[in-house]
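Per-entry structural report
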Amino acid sequence: MAARPLIGITACNRPFGEEAAQVVIDRYMEAAMRHADAAALLIPARPDLMRAGEAAARIDGLLLTGSPSNVGPALYGDADGKGPFDPARDEMSLALIAAMIDLGKPVFGICRGFQEINVAFGGTLDRGLGDPGRPLVHHAPDGVPVGAMFAHGHDVTLAPDGVLARALGREALTVNSVHFQGVKRLGEGLAVEARAPDGVIEAVSAAPNGAHILAVQWHPEWQADRDASSRGFFGIMGRMLRGEPIGGDRLKEGA
């Protein structure tokens, strides 16, 4: 049996009683392994103990996961912001993105990972997308159960010439919306793949140095077994990991 591609999945630093733990919520790992048909390697957010290049050289692709923590605002030029923060996750993720691009290997982002990619490309973040009174609130009210939080959603319109539209054969999707932050200024070189009804960018792609980048603000890993377009996102991941065509001309070098 041929070896499956190996995807690296970023971990976060979380407290575990009086100790610290490296944490990856299982649904990210399970969705990637099951629906991209890949093996997985969890990458600790410990840049003090390992270099990003040591992981990048061994993996075929990288998945930057969501997290309760926010990207440190100093990384995109803001003086303050609302935590929690995970500076070691920031440092490792940005170094991994750079290392994967140098090697021409694919990078995928979900929620925080999507925001990390935008920051890595020089973009900035809007921290008020969950504020009450917006025309479209991008997060459920505080205190609701997890299931209700992920039931909060909206439609997104896919870019007609984008990777998602071509690969999924869709013009629009209904997605969950579980984020307080999002793109404010788009990073240089990133192409818009999807927008919410209020104009907020919800997905991006790029291909610097032949390293295919695809990231979404929503959570396709949440109950992916029940949603064809969510499984489709991981199907695209699997094809990119294998170097197979995906139907999106935008990801050709230089596009």
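Predicted, not measured: the structure shown is a model, and the values here were computed from it. (Residues numbered from 1 in each chain as written. Predicted model: local features only at pLDDT ≥ 70, side-chain atom pairs only at ≥ 80, totals over all residues. Heavy atoms only, no water.)

1. A short note on the environment of T124
For clarity, the threshold we go by: Note on conventions: DSSP H or I runs of at least 4 residues are helices, E runs of at least 2 residues are strands, and numbering of each starts at the N terminus. Three exposure classes are used, based on accessible area relative to the maximum for each residue type with a 1.4 Å probe and protein chains only: buried under 20%, partly exposed in between, and exposed over 50%. Any pair of residues with heavy atoms lying within 4.5 Å of one another is described as a contacting pair.
Secondary-structure assignment places T124 in strand 7 (residues 124-126). T124 gets classed as buried once you look at its relative accessible area, which sits at 9%. Spatially, the C-alpha atom of T124 lies 20 Å from that of L136, the residues being 12 residues apart in sequence. Setting aside chain neighbours within four positions, we find T124 in contact with Y76, N118, G182, V183, K184 and R185.

2. A closer look at the sheet that holds strand 5 (residues 61-64)
We apply this condition: When DSSP locates at least two bridges between a pair of strands, those strands are taken to pair. Axis lines are fitted to C-alpha atoms, over the contacting stretch for helices. Their N-to-C directions set the angle, which ranges from 0 to 180 degrees.
With respect to topology, 9 strands assemble into an open sheet ordered 4-1-5-6-13-12-11-8-9, the strand pairing being mixed. A strand with exactly one partner marks an edge of an open sheet, and here the two such strands are strand 4 (39-43) and strand 9 (172-176). Averaged over neighbouring strand pairs, the angle between their axes works out to 25° when direction is ignored. By the bridge criterion, 4 bridges tie strand 6 (residues 107-110) to strand 13 (residues 213-216) in an arrangement that is parallel. Within strand 13, the residue paired with I110 across the bridge is V216. The strands touched by helix 4 (residues 112-120) within the sheet are strand 5, strand 6, strand 12 (201-206) and strand 13, with strand 6 carrying the most contacts at an inclination of about 125°. Relative to strand 6, helix 7 (residues 228-241) is tilted by about 160°, and along the sheet it contacts strand 1 (6-10), strand 5, strand 6, strand 9 and strand 13.

3. Notes on the confidence of the model for the protein
Interpreting fine coordinate detail is not advised for predicted regions of low pLDDT. The condition that has to hold: Confidence of the predictor at the level of single residues is captured by pLDDT, which takes values from 0 to 100.
For the protein, per-residue confidence averages 93 on the pLDDT scale, and residues scoring 70 or more make up 96% of the total. Contacts for the low-pLDDT stretch residues 248-255, under 50 throughout, to residues beyond four places or in other chains number 26 contacts.

4. Quick notes on the pattern of salt bridges
Here the idea is simple: oppositely charged side chains can pair when their charged atoms come close. Here is the rule: For salt bridges, the criterion is a side-chain nitrogen of Lys or Arg within 4 Å of an Asp or Glu carboxyl oxygen.
Applying the stated criterion to the full structure yields 11 salt bridges. A salt bridge links D78 to R127, with the nearest nitrogen and oxygen atoms 2.8 Å apart. Of this pair, D78 sits in the loop between strand 5 and helix 3 (87-103) while R127 sits in the loop between strand 7 and helix 5 (146-151), and the two are 49 residues apart along the sequence. Looking at D78, the relative accessible area reads 29%, which means it is partly exposed. A relative accessible area of 29% places R127 in the partly exposed class.

5. Points about the nonpolar core
What counts is decided by this rule: Buried residues of nine kinds, namely Ala, Val, Leu, Ile, Met, Phe, Trp, Tyr and Cys, make up a nonpolar core once their side-chain atoms join them within 4.5 Å.
Grouped together as the largest cluster of nonpolar side chains are 32 residues, with contacts concentrated most on I7, L63, F108, I110, L164, W218 and M237. Among the elements of the structure, strand 1, helix 1 (26-35), strand 6, strand 8 (153-158), helix 6 (163-168), strand 9, strand 13 and helix 7 are those that each provide at least two residues to this core. If you tally residues by element for this core, the top one is helix 7, at 6 residues. Once residues lying within four places of it in the same chain are set aside, the contact partners of F108 are I7, L62, L63, L64, I117, L214, M237, M240 and L241. Counting residues in hydrophobic clusters, the runner-up holds 26 residues, among them A55, I97, I117 and A206.

6. Thoughts on helix 7
Here is the rule we go by: The span you would expect from a helix comes to 1.5 Å times its residue count less one.
In this model, helix 7 (14 residues) spans 20 Å end to end at C-alpha, consistent with the 20 Å of a helix rising 1.5 Å per residue. Buried residues dominate helix 7, accounting for 11 of its 14 residues. Along helix 7, the positions that sit buried rather than exposed are S229, S230, G232, F233, F234, G235, I236, M237, G238, M240 and L241. Backbone geometry just after helix 7 places G243 at a positive phi near 70°.

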